[in-house]
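# Chain and residue survey
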Amino acid sequence: MSLFKARVFVHLRPSVLDPAGEATRSATKRLGIDGVTQLRIGKSIELEIEAVDKEDARSKIELMSDRLLANPVIEDWTLEFKDEQKALKN
Amino acid sequence: MNIGIIVFPGSNCDRDVRWATEGCLGVPTSFLWHETTDLGGFDAIVIPGGFSYGDYLRCGAIARFAPVLNSLISFVDKGGKVLGICNGFQILTELGLLQGALTRNKNLHFICDRANLSIESTKSSWMKNYKKHDSISLPIAHGEGRYQCSPDVLKKLQDDDSVALRYTDNPNGSIHDIAGITNKKGNVLGMMPHPERACDDALGAIDGKSILSTLLS
């Protein structure tokens, strides 16, 4: 078994209104920055997972992203592995 | 006749529902801790409002994995009646017993108010005490009540006559003013408004009583 570090980024689907993102975008004007035409807020989930190999880790993370981390009705997600695996003892 | 109310860590309308069903309607009502799996002997189950598991991740996202909800799926398959109110509605959509999702209110406010509603479907027995387009008024209290679904799902809801309640004056940006829906079979109802808070004249409204009384049939 190896330990894999990964990050799942969950974001609202483009068709879903993001009022919190809009409110934040309006604050960029108050900060004095013009020209922000789009600002949408997502969630970054960092995790470590034990798996046989990277493909095993990937399939487990894909399952949890589809079933738990994101709601596919309103959200999409992307996965990236953070760095090389660490071999676990035994 | 027995009603069960599922209680999660963070539920906060469980006692209100019991007060309404037992105190106002006189029906024996029990609390069901979320770790139970036995729903035997219950005629109807209510998932109450609140903030189950702190609503961490998304409203209802963690609650849907509670052991009791596996049993709830078989309960629904057998035709048992299930009412999800507010957070209970959010949990039912996360669980997939109802379609769509509840998202952040358009104006970002937690809205605590009274909402005028229109009865949109009398297909299921939930609204049997009403006629289509009857007006009722119920309290609402939510930050994430903006109902969202894909155009396909919306069409299906309409074709199946599954839109149960609409807001007369949409407070949260819900698609097509939707405040409550049923499943296709009609034995599961999810709604953002709180019928349990409108069951006694002392609280200024009794429109909730008609809806809760249909749990019994």
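Everything below is about the structure shown above.
Residues numbered from 1 in each chain as written. Chains lettered and ligands numbered in written order. Predicted model: local features only at pLDDT ≥ 70, side-chain atom pairs only at ≥ 80, totals over all residues. Heavy atoms only, no water.

### With respect to the interface of chain A and chain B
- In this complex, chain A contributes 15 residues to the contact, which on the side of chain B involves 15 residues.
- Between chain A and chain B, roughly 1300 Å² of surface is buried when both sides are summed, and carbon and sulfur atoms account for 63% of that area.
- The largest per-residue losses of area from chain A upon contact with chain B belong to P19, R67 and L68 of chain A, which jointly make up 36% of the total buried on that side.
- Between E75 of chain A and R58 of chain B there is a salt bridge, with its nearest N and O atoms 3.6 Å apart.
- Remark: the boundary between chain A and chain B carries 6 residue pairs in polar contact (both at pLDDT 80 or more).
- Elements with a minimum of two residues in the side of chain A that touches chain B: helix 1 (19–30), strand 2 (42–51) and helix 2 (54–69) of chain A.
- Partitioning the side of chain A that touches chain B into residue classes produces 11 nonpolar, 1 polar and 3 charged. (Contact = heavy atoms within 4.5 Å. Buried area = accessible area lost by both parts, 1.4 Å probe. Salt bridge = Lys/Arg side-chain N within 4 Å of Asp/Glu carboxyl O. Polar contact = N/O pair within 3.5 Å; in protein donor to acceptor, adjacent residues only side chain to side chain. Helix = DSSP H or I, 4+ residues; strand = E, 2+ residues; numbered from the N terminus. Nonpolar A, V, L, I, M, F, W, Y, C, P; charged D, E, K, R; others polar.)

### Brief notes about the nonpolar core
- Counting 64 residues, the largest nonpolar core has I6, I45, L69, L72, L83, M127 and L165 of chain B as the members making the most contacts within it.
- Looking at this core, the element that brings in the most residues is helix 2 (residues 67–77) of chain B, giving 5 residues.
- Those residues in contact with L165 of chain B that lie beyond four places of it in its chain are L117, S118, I119, E120, M127, I136, D177, I178, A179, G180 and M191 of chain B.
- Grouped together as the second largest cluster of nonpolar side chains are 14 residues, A6, V8, I45 and L79 of chain A included. (Core = buried A, V, L, I, M, F, W, Y, C linked by side-chain atoms within 4.5 Å. Buried < 20%, exposed > 50% of the residue type's maximum accessible area, 1.4 Å probe, protein only.)

### Examining the pairing of strand 4 (residues 81–85) of chain B
Residues and elements named next belong to chain B.
- The buried fraction of strand 4 is high, at 5 of 5 residues.
- In strand 4, alternate side chains face the same way, and those of K81, L83 and I85 on one face and V82 and G84 on the other are all buried.
- Pairing of strand 3 (residues 44–47) with strand 4 involves 4 bridges; the strand directions are parallel. In the sheet register, A44 faces strand 4, and the bridge partner there is K81.
- Between strand 3 and its parallel partner strand 4, the chain crosses via helix 2, and the hand of that crossover is right-handed.
- Of the strand pairs in this sheet, strand 4 and strand 11 (residues 188–191) are connected by 4 bridges, and their pairing is parallel. (Pairing = 2+ DSSP bridges. Right-handed = clockwise from strand over helix to strand, strands pointing away.)

### Some details on the sheet that holds strand 10 (residues 178–182) of chain B
Residues and elements named next belong to chain B.
- In spatial order, the strands read 2-1-3-4-11-10-9-6-7; together these 9 strands make up an open sheet with mixed pairing. Unpaired on one side and paired on the other, strand 2 (29–33) and strand 7 (135–142) mark the two borders of the sheet. Ignoring which end each strand starts from, the neighbouring axes of this sheet average 25° apart.
- Looking at chain direction, strand 1 (residues 3–7) and strand 3 are connected through 3 bridges and run parallel. Its bridge partner lying in strand 3, I3 is registered against A44.
- This element, helix 1 (residues 14–24), spans strand 1, strand 2, strand 3 and strand 4 of the sheet and lies at about 155° to strand 2.
- Helix-sheet contacts for helix 2 involve strand 1, strand 2, strand 3, strand 4 and strand 11, and the interaxial angle to strand 3 is about 135°. (Axes fitted to C-alpha atoms, helices over the stretch in contact; angles between N-to-C directions.)

Keep in mind these values describe shape, not function.
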